[in-house]
Amino acid sequence: MRLMLAPMEGVIDHTMRELLTSLGGVDRCVTEFVRVTERLLPARVFHRLCPELERGGTTPSGVPVYVQLLGGRAAVMAENAARAAELGAPGIDLNFGCPAKTVNRSDGGAILLREPQRVHEITAAVRAAVPAHIPVTVKTRLGFEDKTLFLEIADGIAAAGASELTVHARTKREGYRPPAHWEFIAEARQRVSLPIIANGEIWGVDDALRCRAVTGCDDLMLGRGVICRPDLPRLIAAADDCGDTVEPLGWQGITPLLLRFFEMTLREYDAHCAGNPLKQWLVYMRGYFPQAGPLFEQVKRLRAPDDIRAVLQRHQPVGRQARCAA
Ligand SMILES: Cc1cc2nc3c(=O)[nH]c(=O)nc-3n(C[C@H](O)[C@H](O)[C@H](O)COP(=O)(O)O)c2cc1C
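Residues numbered from 1 in each chain as written. Predicted model: local features only at pLDDT ≥ 70, side-chain atom pairs only at ≥ 80, totals over all residues.

## A closer look at helix α5 (residues 116–129)
Link 1 in the chain: With 14 residues, α5 should reach 20 Å at 1.5 Å per residue; the first-to-last C-alpha distance of 20 Å fits that figure.
Link 2 in the chain: Turning to α5, its buried residues number three or more, namely Pro116, Val119, His120, Ile122, Thr123, Val126 and Arg127. Relative to the axis of α5, the buried residues are bounded by an arc of 165° and lie together on one face.
Link 3 in the chain: Buried residues belonging to α5 abut α3 (74–86), β4 (92–96), β5 (136–140) and α6 (150–159). (Helix = DSSP H or I, 4+ residues; strand = E, 2+ residues; numbered from the N terminus. Expected span 1.5 Å × (residues − 1). Buried ≥ 20, exposed ≤ 12 C-beta atoms within 10 Å, placed from the backbone. Arc of directions from axis to C-beta. Contact = placed C-beta atoms within 7 Å.)

## Things to note about the site of the ligand
Link 1 in the chain: By nearness alone, 22 residues border the ligand, and Ala6, Glu9, His168, Gly223 and Arg224 come closest of all.
Link 2 in the chain: Residue assignment for the shell around the ligand shows that the elements contributing at least two residues are β2 (29–35) and α9 (224–228). (Near = placed C-beta within 6 Å.)

## Observations concerning the packing of helix α1 (residues 14–22) against helix α11 (residues 251–268)
Link 1 in the chain: At their nearest, the axes of α1 and α11 sit 10 Å apart, and the two run at 150° to each other. Of the two possible hands of crossing, α1 and α11 adopt the one that is right-handed. Here Thr15, Glu18 and Leu19 of α1 come into contact with α11, specifically with Leu257, Arg260, Phe261, Met264, Thr265 and Glu268.
Link 2 in the chain: Partitioning the contact of α1 with α11 into residue classes produces four nonpolar, two polar and three charged. (Axes fitted to C-alpha atoms, helices over the stretch in contact; angles between N-to-C directions. Left-handed = near helix turned anticlockwise from the far one by under 90°. Nonpolar A, V, L, I, M, F, W, Y, C, P; charged D, E, K, R; others polar.)

## Quick notes on the pairing of strand β8 (residues 219–222)
Link 1 in the chain: Alignment of strand β1 (residues 3–5) against β8, held across three bridges, turns out to be parallel. From the neighbouring strand, Met4 faces β8, where its bridge partner is Met221.
Link 2 in the chain: Summarising the sheet, strand β7 (residues 196–199) and β8 pair through three bridges and their orientation is parallel. Bridge pairing links Asn199 to Met221 in β8.
Link 3 in the chain: For the crossover from β7 across helix α8 (residues 205–215) to β8, the handedness is right-handed. (Pairing = 2+ DSSP bridges. Right-handed = clockwise from strand over helix to strand, strands pointing away.)

## What about the pairing of β4?
Link 1 in the chain: Extensive coverage of β4 is indicated by the burial of five of its five residues.
Link 2 in the chain: Summarising the sheet, strand β3 (residues 65–70) and β4 pair through three bridges and their orientation is parallel. Bridge assignment links Leu69 to a residue of β4, and that residue is Leu94.
Link 3 in the chain: Each parallel crossover has a hand, and for β3 linked through α3 to β4 it is right-handed.

If you want it as structure tokens, here you go:
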């Protein structure tokens, strides 16, 4: 089994990738999307979204980071994919799932699922432009309005020579509303021979096991579940390796991560907005750790890094508080 960290625009940037992959269990990551419209983008755009390119395309823990491209024009997608490959991307991932209105209005993301032939053409053009040893993966939903074209879309992606297909088991119209319709992934697996990675609504080890049983997929992609529970990949991987359980991180294990993440973002972003990723993370975490709610309330209006740090330090486990004070 392999576990992939899902792309999450505005949430999983290189700092979050570094932190999450350091906890173990993740086999691959994807960048936030490179929006491709009309032209070949300069190298700095790729380096900004994927600073890991400077270090062989992996996070400091050695986990590969594929560069995600989003766009509707085959030729220009192909040119940009070739550039990402030249810059050292270990793989290229194509986004056919983004539901954002602004993106869909300008011919990108899930809107393309209404035209399976174009999904095929874009994938084939990118595959042809990128050296054969570099994987080209595709991520899709089950359709735009409904699921009627899903198998045709999957066929076209396979015929285009994609290395792997990740399926977020919902249509664009279904948004992020549960449930995820994993049974459609099982159907696609019967039909196409390329490896399929199942995605959607995996929040715990039990969900992962059920998803694998329903879809028949070995590999899973995890998104919001990991943001709520950063050690989820490690827990799932352990359950798969030995059918065993490892001790999950409790809140005492989470607060040092929050402080570490805050210090990482402070190094990367302007001081006055460096607390924003932390605040966003706490909002996601409230879904699993009730303690994240009150902590969010304490930091939500703070802007000065020292004030935010002081609150985080007060929440550290006792031994650590003494070390922070020293
Ligand atoms: C805030 C947010 C941003 C996302 N950004 C992307 C993206 O850039 N590309 C993409 O293919 N999917 C994106 N997704 C979808 C996720 O990768 C994933 O398919 C979806 O969240 C379902 O998986 P989950 O239930 O494990 O979260 C995003 C989802 C969220 C919630």
